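# Remarks on the overall topology
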Amino acid sequence: MMDVPASNQSQTPCQPWVGQNGSSTSSPPGAFSSALPSFHHLNLGSPSDQTPVYSHLQASNHDFRSDRATFTSRNNTQPSMLYFNNADQSVQPFIPNTRVSSTIPAASQGQNIPPCSLPLKYEGTQPSSPQQMYSPHNPYQAVPPPVPPPYTLHGSLNGPQSPQQNHFPVSPPLPGQCVNRSPPSIPQPNVGSSVGYTPNHVSPNSPIQQQPLWTLPPQSRGTFNEFVPDATVQDRTITPQSPSSESRYGLDPELLPSAVKVMAEDRAEWDGKVFVSEPFSHLPPLATTSCMIEDRGNASPLAIRSTSYCVPCEGQTVLLGRLPLGALVTPLVKHDAGEKPLPLCKEAECIVGCGWCGASMCPAMGWQDCGQRFHCSFCGKLSEVPWQHYQPTKGVEGVRVDTAKRPELSMGSYEILNSQKGEPAALLLAVDVSASALRGGHLEFVTQQIHTLLSSLNREDGDSLSDVRVGLMTYDSRIHLYDLSPDLSRPHMLVITETEDLQLPVRDGLLVSLKDCICSIDSVLQLLPQFSAECDVSSGVPMELPVKAGLAVLQGLNCPGKLLIFHTASLIETGHANSSSGFFGPNKPKSIFQPSELAVSLAKECVRQGCGVHLFVLSQQDVGGAWPGHIPYLTGGALYTYGHLQGEMDRERFSCDLKRTVDVDTGYRAELRIFVSKDLRVSGCYGLFIPGPSPGHVTMATLDRRTTVAAELAHTRALEEARGVAIQVVLSYSMQTGERRTRVHTLTLRCSRHLQDAFRHYQAQTLLTFHCKKMYCAALERPLQELREELQTEATEALASYRKHCCSASVSAGQLVLPQYLRALPVYINSLRKSEVLLPGLRSSVHQRLQQRCQVLAMDTCSTASHFYPLLLPLPLSADSSNPPNPQEALRCSAANMDARCLYLLHAPLTLLLWVGNRVPAGTLVELFNTSCFSSLPSGETRLPVLDNPLSVSIRSFVNTLNSQASCTRKLWLVKQGDTCEEALQRHLVEDKSPNGGASYADFLYHLHVNSVRLLQ
C-alpha cells in the first residue's frame, strides 16, 4: 500500500482536461464520408510503439477477479527527497477468467493490452526547467522522472470491502498545509523516455471529436515511471479522496466522463426551447431535462422513448452493435401544464383503424386511391375507409384535406372516448382488528386518518363529498362485512367464518356512494378501537385472506377498484404443498424474487377484475417472514411499511401515503397492445406485470402516470430505408367514473444501413432504463451473477463494436472511445450491476431488496436515471449565500467531492439523505438544527426543526419541493461524517467502491476498455 506523505509536502498537479482539435497529414483522406460529430474518447494507454506498463495484463471479462499486481518499494527517510528512493519493483501478471479467455480469439490472447493511463491527481506544483518538461518534437510531451513510486493493485472489483476502506473524506488541511493523495514526481531529466500529455490527430473527415490524451511513460526495466506535469500549471490544493474513491489503477475520476456534466449540457442546450416531435425527428432531450414538447405527428418522448432514434435496416447490424433495440412506454403519462392537453375524440367520429391487425389510425398510415383506402404501416395491408369518414386527398404525397382537423391524422398522441361505459371504480377499505392490532394502540389513529381522508374527497362540481362508491370490512381470522345501505337505521355486520370458499351473503349495501354512507362509516370507525379480540391469531393472518374477501366483493358487483388493506398481525403464507416458496419446499423457486404460485394465481384474478391492492403494514414484521408485496405490486398497487405508528414521523408519512394513494389518477382494467412495422416484431416486454402469452399484449389491473414498460424489438427481415419504422402503443382502460377510453401513441423513426448512425442516436439514460427492466425481470429465473456478467459483456462488446466499425484508423489501442450521447453509459451500467438487487451486501435485507426491485421496475426513465445516479446537492451554509439550493448544480456522486465544512443533500426517488460534515460552522448548525454541537446531532431518520430564520426556511422549502416531485413519501435521513450511518450514503455514491463490494466507476471503465481492446486483437 502506498505510504501517506507528510502534510507539509507538495505535489504536482496534472494538466486540466481541455479540448484539442487537430488533423493528421498521414491519415488517408475520406476515411468516412459521413462524419460523426458526436463522440468522446480518452487515452487509456501508451502508443503502440511504446512498451506497455503492464506487460502481461489480462483482466476478467465477468467478475473482474484477478491476481494482484504489486509494486513494492522502500520508504525514503531523507527529508530532502519528497517521497521515495529508487526501488526494486516486480509485476505479477493478471490471470484471466477461463470463460473469458474462451471468448477471445486465439490470436489476441497473450497480446499486451495498453494500460489505463489517466494520471493521478496531484496537488501543488513542482518547479522544473523547461528543458526537463518538453520534448523537441512535441510541445505537449513531458519527460518522466526515473524514480518510481510504489504502486499496489489490491482487492477484487466485486469482492467485499473492508470496513476501513469505506469512510468519507478526511478533514481539509489546516492553513499552510497541503495534504497529498499520491506521490509527487521528482523533476529529473530522462531523455530515454518522453511521454506525457499527448495530442492525437485524425483526418478532417474522421468522425472523432478530438480530446487531449493522457499517457504514462513506458515500462522500463520493471519500474513504474511518474508523470511530470507542465511547469506552467498553477498551484492548487484539493481535499484528499476517500479510499473508496481512489482507483486501483491510478485513474483520476475527475477526468472520466461525467453523468452530471452530460445532464447539465443537455439542460443548457434545451433551455427555453421547444422540442418539436414530428415524424423522423432527431434525438429528444434527456428524460431528466425539463422541456416543452410540441406534438406534430410524433408521440412525445415522455410517452414513447426509443432506445435508438435511427433503426438499423438489417438485423445483423443490431447484433453487430451489441446494443438493444426497443422502446420505453409510459402510456398514461401526464403532460405539463404549459403543453396542449391530449385531444379527445368520440369513437363514432374517429376514423377506424386497420381491420386486419387492429392498429389504430395515425399519421403513419399511407393514403391511396384518392383517400378511399389506406396502407397500414404495421401489417402492410390495405383497408377500406367507411363512406362516413371519406375525404379526398391532395398533393403529390396524398394527404387528406381534413388532416389538420383530425387528431388521429395529425397528432402522435390522442385519446378516444368509447361509446361503452362500465361500472365506476370503488374504494374498498379492509382493517385488521385482530388481537395484535387491538394491542398495538394505533388502531384509533388509523380510523381517524380514514375518516379525514373520506371527508376530504371532493367532487368534480365542487361538492364536499365524492360520488365514489365506498365499502368497509374488517378481519381477524374471519371476515366482517358491513351493510352500509342508507335505508338501514344503522350498519349491519355480516361475519363470514368459512374463508376457504368465500360466499357473499348479500351484495346490496356492500358498496355505497360516499355521500349516502359517510355517517354509517363514521359510526363503524368509532367502534373499531373498542372491539374485543374474539379469536387469538398469535400465529399470524394469511396475507391472501383480506385480498380474497375484497376481490369477492368487487366480483359480486362487477366493478373495478382499489383495495386498501391496513394490516398489523404477523403475516403467514398459506397454500398447497406444491406451491410452497419456503427454502425446503419441494418446488423451491429459482430465486428469492419469485412469488409463490398462490400469490400469482390470486394476482391474476385481481388483474381480470381490475382490483389494485395497496397494503399498509403497520407493525414491524418478523425477520424471515413472508413478504406480502408480490400481490400489491403485480396489481399496480404498492406496499407501505411502518414501525409501529407510534412516532410522529411515521404517522405523518402514513397520512401522506394514504392521501397520495387515493388521489393519484388511475386507470383500471388496462390492456396495452404494441404494434410495430411489418418487418419487426415485439420479442419481449418487461415491467411490473404478469406476463401473458404474447409479449405485445399486456394486461394490468391498474396503472398510473408513472407506470412504464420496456418493449424489445427484433427484425423479421430487412427494413426499407425510405419507409422508416413505426411503433404504436394502444392503451384501453377505464376511468374512475367508468368511462372506457383508448389512448394511442405513435412514434415514427428513421432507418439507416450504417451502424454509426444507430450509435449516435442512442441515449445512455434510455439504455439504463431498458437494461434495468430487462435484468430485474430476468432475476426471477436466472442467477444474479450471470446477469451481472451479461451486463458487463454487452457493454464491452458494444464498445468494441463501436471502436471497430465507427472509428478511424488513427485511434490508438490505448484510447477509450465513446459516442457522445453514451458517455455516461459506463457509470450507469456499473451502478446497475452493483445495485442492492443484483449485488446484495452483508447488511442487505431480503425484504428491502424485494421491495426495491418492484419499486424500480415501475419507474419511468427520469426516475430510473435519478435512482441509479442520485443528485448530490450542496446546501448553503448561511442565508446570505449567493448560491441558494438548486437541483441543477449537482456534484458527481463521489466522496471526493464532499467537503467536511459543508452540507450536502442526496436526492433520489426513494431516498433523501442530509450529510453533515464534522467541520460545519457552529452558526450553521444553530440556524438549521438549533444546536451548536456536532456530536449532539441525532443520526438516522429525522425532521428538520421549524426555526424562524432565512436558512432554515430556505432549506425546508427546498426539501418540501423535492418531496412533492417524488412518487412516494420518503424519510429524511441525517448522516453525520464519521458515523455508522454513513454506509447508507456510501451505497448511493455510485462512482466510488460500494460497501457491498461493487467496483468503482474508474476501475469498471478501465476494465471495459481493456476487454474491448482485447476483443479486437
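Quick caveat: nothing in here was measured; it's all calculated off a predicted structure. (Residues numbered from 1 in each chain as written. Predicted model: local features only at pLDDT ≥ 70, side-chain atom pairs only at ≥ 80, totals over all residues. Heavy atoms only, no water.)

## With respect to the overall build of the protein chain
A count of helical and extended segments in the protein chain gives 22 helices and 37 strands. Relative to its full complement of 1017 residues, the protein chain shows a buried share of 59%. For the protein chain, the share of sequence-separated contacts (at least 6 apart) that also reach a separation of at least 24 residues comes to 77%. Surface exposure of the protein chain reaches about 41300 Å², of which carbon and sulfur atoms provide 51%. (Helix = DSSP H or I, 4+ residues; strand = E, 2+ residues; numbered from the N terminus. Buried < 20%, exposed > 50% of the residue type's maximum accessible area, 1.4 Å probe, protein only. Contact = heavy atoms within 4.5 Å. Areas by Shrake-Rupley, 256 points an atom, 1.4 Å probe, with all protein chains shown as cover.)

## Here we look at the sheet that holds strand β11 (residues 373-375)
Spatially, three strands are ordered β10-β11-β12 in an open sheet, and the strand pairing comes out antiparallel. Edge positions in the sheet fall to β10 (366-368) and β12 (382-384), since each has one partner strand and no second. On average, each strand axis in the sheet is inclined to that of its neighbour by 30 degrees, with strand direction left out of account. Where β11 meets β12, three bridges bridge the pair, whose relative direction is antiparallel. In the strand pairing of β12, F374 is matched with S383. (Pairing = 2+ DSSP bridges. Axes fitted to C-alpha atoms, helices over the stretch in contact; angles between N-to-C directions.)

## Details of helix α17 (residues 846-857)
With 12 residues, α17 should reach 16 Å at 1.5 Å per residue; the first-to-last C-alpha distance of 17 Å fits that figure. Of the positions making up α17, those classed as buried are R849, L850, Q851, Q852, R853, C854, V856 and L857. Structurally, α17 contributes buried residues whose contacts are with α11 (630-634), β25 (638-641), α14 (764-778), α15 (784-805) and α18 (861-868). By the N-cap criterion, in which a side-chain oxygen at the helix start approaches the backbone nitrogen of a residue two or three places on, α17 is capped by S845, the distance to H847 being 3.4 Å. (Expected span 1.5 Å × (residues − 1). Polar contact = N/O pair within 3.5 Å; in protein donor to acceptor, adjacent residues only side chain to side chain.)

## Some details on the sheet that holds strand β6 (residues 304-306)
By way of backbone hydrogen bonds, the strands of a sheet pair with one another, either parallel or antiparallel. Strand order in the open sheet formed by four strands is β6-β8-β29-β27, and the pairing between neighbours is antiparallel. Among the strands making up the open sheet, the edge pair consists of β6 and β27 (680-686). The mean inter-strand angle of the sheet, taken between neighbouring strand axes irrespective of direction, is 25 degrees. Note: β6 against strand β8 (residues 326-329), three bridges, orientation antiparallel. Residue I304 lies in a different strand from β8, and its bridge partner there is V329. Of the strands in this sheet, β6, β8, β27 and β29 (709-715) touch α14, which is tilted by about 95 degrees from β29.

## A closer look at the layout of surface pockets
Considering only enclosed or pocket space, the second largest pocket measures out at about 1400 Å³ in volume. Lining the second largest pocket are 47 residues, with A287, T288, S290, C862 and Q965 positioned closest to its centre. When contributions to the lining of the second largest pocket are tallied by element, the ones reaching two or more residues are α3 (259-270), β5 (292-295), α18, β34 (903-908) and α20 (950-965). With five residues, α18 is the largest single contributor of residues to the lining of the second largest pocket. Split by residue class, the lining of the second largest pocket holds 24 nonpolar, 14 polar and nine charged. (1 Å grid on protein atoms, 1.4 Å probe; cavity = no way out; pocket = protein on both sides within 12 Å on 5 of 7 lines; lining within 4 Å. Points joined across faces, edges and corners; volume = space filled by probe spheres on them. Nonpolar A, V, L, I, M, F, W, Y, C, P; charged D, E, K, R; others polar.)

## Re the environment of K773
With respect to the helices, strands and loops of the structure, K773 is situated in helix α14. With 64 residues separating them in the primary sequence, K773 and V709 have C-alpha atoms 7.7 Å apart. Residues within four places of K773 in sequence aside, it is in contact with Y686, T708, V709, A710, V856, L857, A858 and M859. Among the polar contacts listed, one links the side chain of K773 to the backbone oxygen of L857, at a separation of 2.5 Å.

## Quick notes on unusual backbone geometry
The residue F280 is not glycine, and still its phi comes out positive at about 60 degrees. Secondary-structure assignment places F280 in the loop between β4 (274-277) and β5. Residue F280 is classed as partly exposed on the basis of its relative accessible area, which comes to 32%. A positive phi is found at R669, a non-glycine position, where the angle reads about 50 degrees. Summarising the element assignment, R669 is placed in strand β26 (residues 667-676). Residue classification places R669 among the partly exposed positions, given a relative accessible area of 23%.

## A short note on α20
Helical geometry: 3.6 residues make up each α-helical turn, so side chains three or four residues apart lie on a common side. Relative to the 22 Å expected for 16 residues at 1.5 Å per residue, α20 spans 23 Å between its end C-alpha atoms, a close match to the ideal helical length. Turning to α20, its buried residues are L951, S952, I955, R956, F958, V959 and L962. Taken around the axis of α20, the buried residues stretch over an arc of 155 degrees, which confines them to a single face. Turned more than 90 degrees away from the buried face of α20, the exposed residues are P950, N960, S964 and Q965. (Arc of directions from axis to C-beta.)

## Things to note about the side chain of D432
Along the polypeptide, D432 turns up in strand β16 (residues 426-432). Among buried charged residues, D432 stands out as having no salt bridge; its nearest opposite-charge side chain is R439, 9.9 Å away. For D432, the side chain forms a polar contact with the main-chain nitrogen of S434, separated by 2.9 Å. Beyond its immediate sequence surroundings of up to four residues, D432 is in contact with A437, L443, Y475, F566, H567, T568 and A569. (Lys, Arg positive; Asp, Glu negative; His and termini not counted. Salt bridge = Lys/Arg side-chain N within 4 Å of Asp/Glu carboxyl O.)

## Quick notes on the pattern of salt bridges
All chains considered together, the criterion is met by 30 salt bridges. Of the charged contacts in the structure, one is a salt bridge between R400 and D402, with a shortest N-O distance of 2.8 Å. Grouping residues by exposure puts R400 and D402 together as buried. Taking the shortest distance from any N to any O, the salt bridge between D402 and R406 comes out at 2.9 Å. Accessibility classification places D402 together with R406 in one group, the buried group. Three or more residues are tied together by salt bridges with common partners; here these are R400, D402, R406 and E408.

## Some words on the pairing of strand β37 (residues 972-976)
With respect to burial, β37 is a largely interior element, four of its five residues being buried. The pairing of strand β35 (residues 911-916) with β37 spans five bridges and is classified as parallel. Paired with L912 across the bridge in β37 is L972. Pairing of strand β36 (residues 940-942) with β37, which is carried by three bridges, proceeds in the antiparallel orientation.

## Concerning the nonpolar core
Residues F566 and F654 are the most contacted members of the largest nonpolar core, which totals 166 residues. With nine residues, the top contributor of residues to this core is α14. Ignoring sequence-local partners within four residues, the contact set of F566 consists of L429, A430, V431, D432, V446, I450, Y475, F616, L618, F654 and L658. (Core = buried A, V, L, I, M, F, W, Y, C linked by side-chain atoms within 4.5 Å.)

## Observations concerning the environment of L816
Relative to the assigned elements, L816 resides in strand β32 (residues 815-819). Measuring from C-alpha to C-alpha, the distance between L816 and A800 comes to 9.9 Å, with 16 residues separating the pair along the chain.

## Observations regarding the confidence of the model for the protein chain
Summary statistics for the protein chain give a mean pLDDT of 77 and a share of 72% for residues scoring 70 or more. Confidence over residues 1-41 falls short of pLDDT 50; this stretch has 154 contacts with residues more than four positions distant or in other chains. Between residues 575-589, whose pLDDT stays under 50, and residues either more than four places distant or in other chains, the model counts 16 contacts. (pLDDT = per-residue confidence, 0-100.)

## Some words on the packing of aromatic side chains
Here the structure, examined in full by the defined rule, presents 17 aromatic pairs. Judged by centre distance (4.1 Å) and plane angle (25 degrees), the rings of Y249 and Y1006 are stacked. Taken together, the residues Y249 in the loop between β3 (213-214) and α3 and Y1006 in helix α22 (residues 1001-1015) connect sequence positions 757 residues apart. Residue Y249 shares its accessibility class with Y1006, and that shared class is buried. Note on Y642 and F654: the rings are 5.6 Å apart at their centroids and 75 degrees apart in plane angle, and the pair reads as edge-to-face. One end of the pair, Y642, is in the loop between β25 and α12 (648-663); the other, F654, is in helix α12, with 12 residues separating them in the sequence. You can call Y642 buried: its relative accessible area is 2%. By relative accessible area, which is 0% here, F654 ends up buried. The positively charged end of R400 is found above the aromatic ring belonging to W367, 4.9 Å away from the centroid. Looking at K976, its charged tip hangs above the ring of F934, at a distance of 5.4 Å from the centre. (Phe/Tyr/Trp six-rings, centres within 6.5 Å; stacked < 30°, edge-to-face > 60°. Lys NZ or Arg CZ within 6 Å of the ring centre and 35° of its normal.)

## A short note on the environment of K273
By the element assignment, K273 lies in the loop between α3 and β4. Separated by 18 residues in sequence, K273 and C291 place their C-alpha atoms 7.0 Å apart. Beyond its immediate stretch of four places on either side in the chain, K273 contacts C291 and M292. Polar side-chain contacts of K273 include one of 3.0 Å to the backbone oxygen of E269.

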